[in-house]
Amino acid sequence: MRPKNAIMLMMAAFIWGTAFVAQSVGMEHLGPFTFNGVRNFIGAAALLPCIWLMGRLNGKDSEGKQAERKAPETAKRQKERKDLLLGGISCGAVLFAASSLQQVGIQYTTVGKAGFITACYIIIVPVCGVFLHKKTGVKVWIAAGLSLAGLYLLCITEKFTVGKGDLLVFLCALVFSLHILVIDYFSPKADGVKMSCIQFFVCGILSVVPMFILETPQLGAVVKSWAPVLYAGVLSSGVAYTFQIVGQKNVNPAIASLILSLESCFSVLAGWVILKENLSAKEAAGCVLMFAAIVLAQLPDRKLSYNKKERQDVL
C-alpha cells in the first residue's frame, strides 16, 4: 500500500472517531434529529463542489468520443441514473435509521463506548453473509465470539443490565451493517460520490419530519452549535467520505477496513482527551477484546495469500 493511501484512510478513521465528540457536544443545544438534519444537509452541500469539479474534468476527457457513441450510451446513462437515484434513496433511508439510533444513543452512553459498539458492524456484516448464502470461515465466528465477550464487559453492569444508550448504539450497528450491504449492492452500478450526496439529502429530509414533531428547532440553537455541526457535516460526511473513496483505490479491502476500524480507538481517545471520559478496567478490557475481534475479522486468509503468491511466482 502506498503511504498516501494509508494516510488518507487513517485521516478518515480519525475524523469519524473524533466526530463522536462533535455529536455529543452538539446536542447540548440541539435535539438528535435537528443535529442529524442540519449535519446531513451540510454534508450534501459539501459534496456538490466536488461533484461539479469531477463532472468538468470527466467532460473534458470524453469530449471527443461523445459524438460517435451518443446513441448507444443514452440507454446506458438512463440505467445509471435510475440506479443512482434508487441507490441514493435506499442508502439515505437506511442511514437515517442508523444515524438516528446512534445520535439518540449517544445521549445515554459515553463517546468511547459508542465508538466501539458502533464498530461491531465490521463483525456483523460477514455474519449477515450467512443468510445471503455466502461462506463464513471459522475466523469470523471466533471474531464474533470475541466481540460478544467484549460487548458484555463493556455494556453489562453489575446488575446484569444493559444501558439504554448501549442498546440503541448496538441497534445502530445492526442497521449500519444493512447500510454497508446496500452500498455494496449499488456502488458498482452508480457513481459513489453522487450517490453519497443523494443519501445525505434523503437522510436530512427524513430527519426533518421527527425534528418538527418531537423537537423544537431554533436557529439560535443551531448557531450556538455551529462548530460541532460543521465538523460533523463538512469533515465527517464530506471530507472523510472523499478520503475513503480516494484512499481505497487499488487497496486490498480487508486492509482498508482494518485501518478504517481504528475510528473506534480514536473515539475513545477523543472522549478521554476532550470530554475527560474514563473507562473502568472492566470496560477497557471489553474495548481490547472488541478491537481484537475487529482486527481478526479483517485479516486476510493465509491460504488466499499463499495462492496469490503462488500464482505470481508462476507468472
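Model, not experiment: these values are computed from the prediction.

**Some thoughts on the overall build of the protein chain**
When helices and strands are counted, the protein chain shows 14 helices and zero strands. When burial is assessed residue by residue, the protein chain has 42% of its 315 residues classed as buried. Within the protein chain, counting contacts between residues at least 6 apart in sequence, those at least 24 apart form 90% of the total. Split by element, the accessible area of the protein chain, about 17,400 Å² in all, is 67% carbon and sulfur.

**Points about the side chain of Gln103**
Relative to the assigned elements, Gln103 resides in helix α3 (residues 70–105). Apart from the residues within four sequence positions on either side, Gln103 is in contact with Gln23, Met27, Pro32, Phe35 and Asn36.

**Things to note about the pattern of salt bridges**
Enumeration according to the criterion identifies one salt bridge in this entry. Two residues, Lys79 and Asp83, come together in a salt bridge whose shortest N-O distance is 2.8 Å. With Lys79 and Asp83 both in helix α3, this residue pair falls four residues apart, about one helical turn. When its relative accessible area of 9% is taken as the criterion, Asp83 is described as buried.

**A closer look at the packing of helix α1 (residues 3–26) against helix α12 (residues 263–273)**
α12 packs onto α1 with a crossing angle of 45 degrees between their chain directions and a minimal axis gap of 7 Å. Considering their axes alone, α1 and α12 lie oblique with respect to each other. Between α1 and α12 lies a crossing whose hand is right-handed. The segment α1 lies against α12, with Met10, Ala13, Phe14, Trp16, Gly17, Thr18, Phe20 and Val21 engaging Glu263, Phe266, Ser267, Ala270 and Gly271. Residues belonging to the contact of α1 with α12 are distributed by class as follows: eight nonpolar, four polar and one charged.

**Looking at the nonpolar core**
In terms of nonpolar packing, the biggest core is built from 23 residues, with Leu47, Leu95, Phe176, Val182, Met195, Cys197 and Phe200 touching the most fellow members. Counting residues per element, the ones that place at least two in this core are α2 (32–61), α3, α7 (164–186) and α8 (192–214). Those residues in contact with Phe176 that sit more than four places away from it in its chain are Leu95, Ala98, Gln102, Thr118 and Tyr121. Counting 17 residues, the second largest nonpolar core, distinct from the first, contains Phe116, Ala173, Val268 and Ala270.

The rules behind the values
- Residues numbered from 1 in each chain as written.
- Predicted model: local features only at pLDDT ≥ 70, side-chain atom pairs only at ≥ 80, totals over all residues.
- Heavy atoms only, no water.
- Helix = DSSP H or I, 4+ residues; strand = E, 2+ residues; numbered from the N terminus.
- Buried < 20%, exposed > 50% of the residue type's maximum accessible area, 1.4 Å probe, protein only.
- Contact = heavy atoms within 4.5 Å.
- Areas by Shrake-Rupley, 256 points an atom, 1.4 Å probe, with all protein chains shown as cover.
- Salt bridge = Lys/Arg side-chain N within 4 Å of Asp/Glu carboxyl O.
- Axes fitted to C-alpha atoms, helices over the stretch in contact; angles between N-to-C directions.
- Parallel < 35°, antiparallel > 145°, perpendicular 65-115°, else oblique.
- Left-handed = near helix turned anticlockwise from the far one by under 90°.
- Nonpolar A, V, L, I, M, F, W, Y, C, P; charged D, E, K, R; others polar.
- Core = buried A, V, L, I, M, F, W, Y, C linked by side-chain atoms within 4.5 Å.

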